[in-house]
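Summary of the model geometry
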There are 2 protein chains.
Amino acid sequence: MRGSASIQVDRASAEAQLRSILDRVRHLPIPVTRRDAERVLSALQVAADPWEALRLSRAPIRFVCAFWQEMIREGLLRAEDGRLHLEDSGRAWIQALGIPPAQEFDCPRCDGRGVDLGGLQEAAVRFRDVVRHRPVALQTFDQGYVTEETALARVAFALERGDVERKEVLVVGDDDLVSVALALAAHPLRVVALDVDERIVRFIREVARTEGLSQLEAHVYDVRDPLPEAWLGGFDTFFTDPTESLRGLRAFVDRGLLALRGEGSAGYFGLTRGESSLAKWARIQRMLLRRNAVLTDIRDGFNVYRNWDYVETMRAWRWLPVRTRPAHLWYRSALLRIELLSSPRLVNRPVRGQLFEDEEAATT
Amino acid sequence: MRGSASIQVDRASAEAQLRSILDRVRHLPIPVTRRDAERVLSALQVAADPWEALRLSRAPIRFVCAFWQEMIREGLLRAEDGRLHLEDSGRAWIQALGIPPAQEFDCPRCDGRGVDLGGLQEAAVRFRDVVRHRPVALQTFDQGYVTEETALARVAFALERGDVERKEVLVVGDDDLVSVALALAAHPLRVVALDVDERIVRFIREVARTEGLSQLEAHVYDVRDPLPEAWLGGFDTFFTDPTESLRGLRAFVDRGLLALRGEGSAGYFGLTRGESSLAKWARIQRMLLRRNAVLTDIRDGFNVYRNWDYVETMRAWRWLPVRTRPAHLWYRSALLRIELLSSPRLVNRPVRGQLFEDEEAATT
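About the criteria used
Here, residues in each chain are numbered from 1, in the same order as that chain's written sequence. Chain letters and ligand numbers both follow the written order, the letters beginning at A and the numbers at 1. With pLDDT at 70 or above as the cut-off, local features in this predicted model cover only qualifying residues; side-chain atom pairs require 80 or more to be listed or tallied, and sums for whole chains, interfaces and linings still use all residues. Segmentation into domains, and thus their bounds, comes from an automatic or database assignment. Note on contacts: residues are paired as contacts if their backbone-placed C-beta atoms lie within 7 Å. Secondary structure follows DSSP: runs of H or I at least 4 residues long count as helices, runs of E at least 2 residues long count as strands, and numbering of each begins at the N terminus. Gly is put with the polar residues, along with every residue not named as nonpolar or charged; the nonpolar set is Ala, Val, Leu, Ile, Met, Phe, Trp, Tyr, Cys and Pro, and the charged set is Asp, Glu, Lys and Arg. Our superposition of the copies is a least-squares fit, built on the C-alpha atoms of residues whose pLDDT is at least 70 in both. Lines are fitted to the C-alpha atoms to define the axes, a helix being fitted only along its stretch in contact, and any angle between axes, read from their N-to-C directions, falls within 0 to 180 degrees. Just so you know how the angles are binned, under 35 degrees is roughly parallel, over 145 roughly antiparallel, 65 to 115 roughly perpendicular, and the rest oblique. Here a crossing is called left-handed whenever its near helix is offset anticlockwise from the far helix by less than a right angle, and right-handed whenever the offset is clockwise.

Considering the domain arrangement of chain A
Residues and elements named next belong to chain A. According to the domain assignment, chain A contains domain 1 (8-97) and domain 2 (118-340). Of note, the centres of domain 1 and domain 2, computed from C-alpha atoms alone, are 33 Å apart. Counting from both sides, the interface comprises 21 residues of domain 1 and, opposite them, 15 residues of domain 2. The set of elements that each furnish at least two residues to the side of domain 1 that touches domain 2 consists of helix H3 (50-57), helix H4 (61-73) and strand E2 (83-86). By residue number, the principal contributor to the side of domain 1 that touches domain 2 is H4, which donates seven residues. Residues belonging to the side of domain 1 that touches domain 2 are distributed by class as follows: 14 nonpolar, two polar and five charged.

Structural data, given as structure tokens:
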């Protein structure tokens, strides 16, 4: 806090300045809230790396970047050498606002997931070996896959909830290769992976063949098409990690729900704070409840993603005040689990148009 | 699996027997689902201790006990010496149903919470010392408090989400003494604990005095009464761990919501699977969304409760086929966090009648 004591800012003028900055980003076509600004200012006190600051901000990336830009304009923040430096005036301002630095209490053993992989060691070794030559993530399909640790932790989490062992499981979009982790670690009756990307389908089929995983299959499928008859109502559990435009997310989750048998069937999907405002979270929750699904788990930060190659061409790159490639893993999402109370209330119809864009999207 | 190979049961007759048992418990005035039966049968394969089996079943206690009773009647299960023993016929039946044994993957370091208390050591020592002489849990108020570890983990969890440091916090019903943990560990601006039990109010006031915690206060308050004007809209965050009848839970959570400032304010409460069916979970989630609150976190099994003295007089005691006092901690609840999208849609009116009973309640 070097020097900050010398700059005196009173609470009222600090609040006025915050309101004025918020007003200037309110032209964004996404929700702008004071609480998100608070999260951004908590993060900036402990992280100079922009990706780390994004991760800690738990707020829409588009908002965070715009807020930073306004802070720079006001001389509260400086972008230099790929880092964000709070100016003394910025620190004094945040202090006057009474916003404390961000703190983390993630368990160092399980990275905050609460899940231990001890019981899955053998499968974990095989999984890590098998996925070494996986296809690279493509922006065309808004791909970006999770770490091997994450994929395995999802399997352990689902095993604990009785959702996968001796069950039939569908994976809707599988650049994460969760289907492979399931086949190796969870003794499912059957795992079907669907993906629009032929490279992924070929890769999973090849793994099934060379590893002798007869219960694992993969097929090319575009979620915009109705779910083929053969898969309707035929599964106990689905997994998906959808693109986060509301239309895209709904397409993926709805196909998953349509594939479920009914009461007691379960579904897993990922959802970020960076590409989905809490207003969007609420819309998604209302949608799930309307479809007879109840939320049983929301694990913040459970899914950790590998950095992808196409960072310079994603939308968020243009919003950043400092353009540096991420040195650490920064993109995280929550793991959500739903359970059906009865058959899903849904129609299996085609979805028109593109799935990847909405105002809050950052990585497409 | 001693001897189970010698008893052959085919899938179809196993399913028929399960349907018939489910039909015989359907007279219960609570939801009865096949999926809950599956969870019960997974748990029985690994736990003979009834309390451990209840914990692992993640289903309404009233249903679990009735299901056990029917299994005993059918000769599939034997209750003896305070333990539940699967008969060979029971094992063969479960095997024919294709239901695997329950598995656990909770991180051994953080007990599955995902939260590490390393950064709160000093406060943790003080908290454990201070609460040694707390009031005992009373059935009159459906009390039953969490472990010190749990109370501290809640504080760490809320600190990480920026909900308590330099914030004003209300605790609605505080036999868990979360207000004390907050005052000791979280640097809040103000913590107000409300409880209907004068013993708890006196205890917290005494701790505030002897420990010099000037930001901590406690008041007698009955959630059936409207929230006094002084506390309406005056807090950033609330905590509550309500009784789980729908009316009771709504009373506690609604007073918490009414105490919040608005957009970005947060609330925490506990919810079990043992006293609340997933159908009740869905009703609660719909209620929260109607009030402009969005769910941001649901952490299964986060709250671990100390065993209480009044186990022999609670409703579930009469339902149990084996009446033995629990030797281990078995009662758990999920920690839920909500955040307000805007002012809560709610009226501050009195609640009439008793709060503790509904058909799914087990501990009152």
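A look at the relation of the copies chain A and chain B
Superposing chain A onto chain B takes a rotation of 180 degrees combined with a translation of 0.0 Å along the rotation axis, leaving an RMSD of 0.0 Å. Such a combination of rotation and displacement between the chain copies is what one expects of a two-fold axis. With an isologous cut-off of 70% or more, the 100% of interface residues of chain A that recur at the interface of chain B puts this contact in the isologous class.

Some thoughts on the interface of chain A and chain B
Across the contact, 46 residues belong to chain A and 46 residues belong to chain B. Contributions of two or more residues to the side of chain A that touches chain B are made by helix H2 (34-44), helix H7 (148-160), helix H11 (278-290) and strand E8 (293-304) of chain A. Tallied by class, the residues present in the side of chain A that touches chain B amount to 17 nonpolar, 11 polar and 18 charged.

Some thoughts on the packing of H2 of chain A against H3 of chain A
The description of two packed helices rests on the angle between their axes and on the distance between the axes. Residue and element names in this part refer to chain A. Relative orientation of the contacting elements H2 and H3 amounts to 135 degrees, with a least axis distance of 8 Å. Here H2 lies oblique to H3, going by the angle between them. As H2 runs across H3, the sense of the crossing is right-handed. Packed against H2, whose contacting residues are Arg-39, Val-40, Ala-43 and Leu-44, the element H3 presents Ala-53, Leu-56 and Ser-57 at the interface. Of the residues assigned to the contact of H2 with H3, the class counts are five nonpolar, one polar and one charged.

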